[in-house]
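Structure at a glance
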Protein chains: 2
Amino acid sequence: MTDATPPKVTLVDIARLAGVGVGTASRALSNAKNVAPATRERVLRVAEEHHYVVSPEASRLAKGNTGRVALVVPHLSRWFFGAVVEGLGSVLRGAELDVLLYQVGDVADRQDFFDRLPARRKVDAVVVIGFQVEEAERTRLETMGVHIVAAGGQWASYPSVHIDDHEASRQAVDHLLHLGHTRIGMLEALDPDQPRLRSTRSPAYYEALERAGIPVDPSIVVTAPWGGEHGAASMSRLLGHPDPPTAVFAHSDEVALGAMRTLRRAGLRPGTDLSVVGIDDHPLAELCDLTTVRQQPGEQGAIAGRLLLDLLAGGAAPHRSTTVPTELVVRGSTAPPRPTGRP
Amino acid sequence: MTDATPPKVTLVDIARLAGVGVGTASRALSNAKNVAPATRERVLRVAEEHHYVVSPEASRLAKGNTGRVALVVPHLSRWFFGAVVEGLGSVLRGAELDVLLYQVGDVADRQDFFDRLPARRKVDAVVVIGFQVEEAERTRLETMGVHIVAAGGQWASYPSVHIDDHEASRQAVDHLLHLGHTRIGMLEALDPDQPRLRSTRSPAYYEALERAGIPVDPSIVVTAPWGGEHGAASMSRLLGHPDPPTAVFAHSDEVALGAMRTLRRAGLRPGTDLSVVGIDDHPLAELCDLTTVRQQPGEQGAIAGRLLLDLLAGGAAPHRSTTVPTELVVRGSTAPPRPTGRP
């Protein structure tokens, strides 16, 4: 075996390793009824451990349509993810498809999910919400004839629905520039789980400043994980700066709302004393008078649902990608800088 | 037929109405593979229309375990519901159960869901999140051997997990009384979809005032649907009152956050000028310095998940109910009344 490709595991191997006949192994993998549950479990476990992939032809013969779609989502108690699921669910439900929900909180969870799913083939399609799928995982799903669609994430090599993060960030920073701010900080959010992924919301900040002829000051860019408490702490750091910014661009509304709490606690009025802009249009942004760039996760979910229905019907191009436009929503948290230029 | 019981629809009736043989009807209803999809659909539709219920024995023979649980939830983009689903999902996933998600936005949706589910019997159990199930629906599910559990709602005749709404409201109102407020308004929230259901959060308000010897003034109680915008509008009405309250008890954090926006827009500081307390401890309550009564929806979901596992294992008492304690969380939006007693 000099080839770099690992040796291919066959059905015969799986049967041997599970201590059953080839017929039983095949029936277990195709989910036939006449297999004892314990036996079926053992065969599936062995198949998973050895990354066994049923041949597409065999799979197609065995599978029929399950009538089910898996939604894979890292969080559900956060508005963005819930709203995408809501939009997706309404479309899939209209098509009489059942929705299997898989919450995979961290990278290890996701790995586990993608290790297990293909051998069991419980669904016709997988929608990943707000995260990227590795190319190897995608290949395994496609080999099994399981469609994959991404919703509410970044651009992907498979069909996906997303906003243009660069454009959304440009809208936010240009708004601050148009108001006359020249000292603009950034509250940069990163996924602590995937520190390798650079933020797609940062480059537009640097480009907009450069375009406006404003030198970048890295000391007023604070990087922290997503979340309101981190936004509050980052804003505290900026307020302690010897020359604090007159405006900040926050990577999300929750980060921005945290920053606004710090301002109020410091006796400063958001907008009047220091401008804050976010990205999202979280339902509570309106209640907090936060200027933001609206993305519509429910709409992103609904479009992903329709894309998926096209794929299941054999219609859509395999690499179709849809960008949902974003728009600036001006509220009370942004205003021209105070004449002194200092909060 | 002089009996009040409607005539019972039999398998023979279903077969006749669907224009198929009895064997085919039976196979279609038991989800066997050798039935053409269109035929199966027709049989299921007829069975649904006539509220046909498979006999429990026949069902038990046909069903095995599906290994699936249905979560039925009215909203997903709202934090409370997402957090309950998250807590439930983590427990069910640990038990290797698949979660089918059904979002049923309004009462008609729910009716449709409960009309369709039993005939198809895709799941071993149903968890309803944040709403009540009619007794007739519950009976149909139980006849099919499908367990039912309620999470994050009110007390139910079936196993349920919830907070004590009366106690939570008492904690909120007593906090305002202890601070010295004697003119306390209420922002009462109602489900516009189920106006018959009286709020379980209102009686404690009246009782606490009575206990403190404070006469109730109905003109400072404003009733509106759930939601921040309604809270904002209700607060505006109270600010226009000739003798406005010095504190308000809002039925939820979103309602309270809306009220706080109205205060800020009117140039008033929450806490200092007028106290506001909510119920929830929404993640953004902390970012908005809102005093609230914490309920833990993730914990409610997890307990409901464990209760369900007990039921599936044949263990738990059929009417077990669990109350998750609530606690007051004091932040900046409440303070003693200003010496003048007027905002």
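Refer to the structure presented above.
Residues numbered from 1 in each chain as written. Chains lettered and ligands numbered in written order. Predicted model: local features only at pLDDT ≥ 70, side-chain atom pairs only at ≥ 80, totals over all residues. Heavy atoms only, no water.

Time to look at the side chain of Asp273 of chain A. All names here are of chain A. Summarising the element assignment, Asp273 is placed in the loop between helix H11 (253–265) and strand S9 (275–280). Judged by relative accessible area, Asp273 falls into the buried class, the value being 9%. For Asp273, the side chain forms a polar contact with the main-chain nitrogen of Arg269, separated by 2.6 Å. (Helix = DSSP H or I, 4+ residues; strand = E, 2+ residues; numbered from the N terminus. Buried < 20%, exposed > 50% of the residue type's maximum accessible area, 1.4 Å probe, protein only. Polar contact = N/O pair within 3.5 Å; in protein donor to acceptor, adjacent residues only side chain to side chain.)

So, about the relation of the copies chain B and chain A. The operation relating chain B to chain A is a screw motion whose rotation component is 180 degrees, with 0.0 Å of axial translation and a residual RMSD of 0.1 Å. The symmetry that links the two subunits is that of a two-fold axis. Relative to the rotation axis, the closest C-alpha in chain B is found at Leu100 of chain B, a distance of 2.3 Å. Here 100% of the interface residues in chain B have copies in chain A that are interface residues too; the copies meet face to matching face. (Least-squares fit on C-alpha atoms with pLDDT ≥ 70 in both. Contact = heavy atoms within 4.5 Å.)

Residues and elements named next belong to chain A. Taking strand neighbours across the sheet as the criterion, the 6 strands line up as S7-S6-S8-S9-S10-S12 in an open arrangement whose pairing is mixed. Across the chains shown, the open sheet's two edge strands, defined by having one partner strand only, are strand S7 (221–225) and strand S12 (327–329). Pairwise comparison of adjacent strand axes, ignoring direction, gives a mean angle of 20 degrees for this sheet. In this sheet, S7 lies alongside strand S6 (residues 184–190) in parallel orientation, the contact comprising 5 bridges. By the bridge assignment, Glu188 is partnered in S7 with Thr223. (Pairing = 2+ DSSP bridges. Axes fitted to C-alpha atoms, helices over the stretch in contact; angles between N-to-C directions.)

It is worth spelling out the pairing of S9 of chain A at this point. All names here are of chain A. When you tally the buried positions in S9, you get 6 out of 6 residues, the bulk of the element. Here S9 shows a buried face lined by Ser275, Val277 and Ile279 and a second buried face lined by Val276, Gly278 and Asp280. Across 3 bridges, strand S8 (residues 247–250) lies against S9 in parallel orientation. Note on S9: the bridge partner recorded for Ala247 is Ser275. Handedness of the β-α-β unit built from S8, H11 and S9 comes out right-handed. Strand direction decides the pairing type here: S9 and strand S10 (residues 291–294), joined by 4 bridges, are parallel. Within S10, the position partnered with Asp280 by the bridge is Arg294. (Right-handed = clockwise from strand over helix to strand, strands pointing away.)

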